Amino acid sequence: MNDDLFTALRRIGRGYLFIHFHINLGTLDVLPDWLGYYWILLGIWTIGKEMESARLLEPFAIGMIAWNGLEWILKLFGGTLDIPVLSLLVTAVNLYLHFQLLTDIAVLAETYGCPEGASIRKLRTVYTVTSTLSVLKLLITGSDELNWLLLGLAVLHILVAVVLVFTLRALSNSITEIPTPIDCPDYVQPEPDEPPEPEKTE
């Protein structure tokens, strides 16, 4: 199971990279957000085998794949997906998805006794705050000083995402270093129970 968690955490880290970094070739984004959420969904499927709360995130991740996939397709043809009420709902879903996912990963780390758990909790909080402020940036217009402040917060959000990716990578390594019982040198494979002898009948 440790190897599965290693793969899951690496996939989630890869997902955060796709979500926060973009390479555009004309109207084509070769690092689309929907693919980032797909990697995150794959990680959720594995973590969900150990944590019920992670399984509950699957429909939210699927919803984000659908929304961002539709945006990606429309952008290829010069269109936009401008539905204010729906956009607000998607934003709320996105904030909840990341907050709960990082909470589950922190709990997972603490369950396995990995030191990265505390760091992920702190990063989760800062990530949520900067994500919220990044959304507010789209709603607020003001002086140049305010615009510079919002730009600084957006840069901070990207930096937090980068640190988060490296922390997830470190956690994946820590989990694989934790020995399962069969890896321990003192582990003795239990003998199978012998079937009971049939009772003798006269």
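It should be emphasised that the depicted structure is a prediction, and the values quoted were computed from it without experimental measurement.

### Side note on the packing of helix α2 (residues 33-47) against helix α5 (residues 84-111)
Two elements in contact, α2 and α5, have axes separated by 12 Å at closest approach and are oriented at 40 degrees. As judged from the angle between their axes, α2 and α5 are oblique. Classified by chirality, the crossing of α5 by α2 is left-handed. From α2, Tyr-37, Ile-40, Ile-44 and Ile-47 reach across to α5, where they touch Asn-94, Leu-97, His-98, Leu-101, Ile-105 and Leu-108. Its residues assigned to classes, the contact of α2 with α5 comprises eight nonpolar, two polar and no charged.

### Some remarks on helix α1 (residues 2-20)
Because an α-helix packs 3.6 residues into every turn, residues spaced three or four apart end up facing the same way. The terminal C-alpha atoms of α1 lie 27 Å apart, and with 19 residues this matches the ideal 27 Å at 1.5 Å per residue to within 8%. Residues Asn-2, Leu-5, Ala-8, Leu-9, Ile-12, Gly-13, Gly-15, Tyr-16, Phe-18, Ile-19 and His-20 constitute the buried set of α1.

### Structural notes on the nonpolar core
One finds Tyr-16, Ile-47 and Ile-105 to be the most contacted residues of the largest nonpolar core, which totals 38 residues. Of all the elements, α5 adds the most residues to this core, at eight residues. Ignoring anything within four residues of it in the chain, the contact list for Ile-47 reads Leu-5, Ala-8, Leu-9, Ile-12, Ala-54, Ile-105 and Leu-108.

### Considerations on the environment of Leu-156
Mapped onto the secondary structure, Leu-156 falls in helix α7 (residues 144-177). With relative accessibility at 37%, the residue Leu-156 sits in the partly exposed group. Linking Leu-156 and Ser-131, residues 25 residues apart in sequence, is a C-alpha distance of 9.9 Å.

### Section: the environment of Leu-41
Along the chain, the position of Leu-41 falls in helix α2. Since its relative accessible area comes to 4%, Leu-41 is described here as buried. A C-alpha to C-alpha distance of 8.9 Å links Leu-41 and Ile-65, two positions 24 residues apart in sequence. In this structure, Leu-41 is in contact with Glu-58, Ala-61, Ile-62 and Ile-65, ignoring residues within four places of it in sequence.

### Comments concerning the pattern of salt bridges
All told, the structure shown has two salt bridges when counted by the stated rule. Glu-52 is the partner of Arg-55 in a salt bridge, and the nearest nitrogen-oxygen pair spans 2.0 Å. In this pair, Arg-55 and Glu-52 are both assigned in helix α3 (residues 52-55), three residues apart and thus about one turn of the helix distant. Overall, Arg-55 belongs to the partly exposed group, its relative accessible area being 37%. The closest approach of N and O atoms between Glu-110 and Arg-121, which form a salt bridge, is 2.8 Å. Taken as a pair, Glu-110 in helix α5 and Arg-121 in helix α6 (residues 116-137) lie far apart in primary sequence, 11 residues in all. By relative accessible area, which is 40% here, Glu-110 ends up partly exposed. Owing to a relative accessible area of 27%, Arg-121 belongs among the partly exposed residues under this scheme.

The rules we used
Residues numbered from 1 in each chain as written. Predicted model: local features only at pLDDT ≥ 70, side-chain atom pairs only at ≥ 80, totals over all residues. Heavy atoms only, no water. Axes fitted to C-alpha atoms, helices over the stretch in contact; angles between N-to-C directions. Helix = DSSP H or I, 4+ residues; strand = E, 2+ residues; numbered from the N terminus. Parallel < 35°, antiparallel > 145°, perpendicular 65-115°, else oblique. Left-handed = near helix turned anticlockwise from the far one by under 90°. Contact = heavy atoms within 4.5 Å. Nonpolar A, V, L, I, M, F, W, Y, C, P; charged D, E, K, R; others polar. Expected span 1.5 Å × (residues − 1). Buried < 20%, exposed > 50% of the residue type's maximum accessible area, 1.4 Å probe, protein only. Core = buried A, V, L, I, M, F, W, Y, C linked by side-chain atoms within 4.5 Å. Salt bridge = Lys/Arg side-chain N within 4 Å of Asp/Glu carboxyl O.

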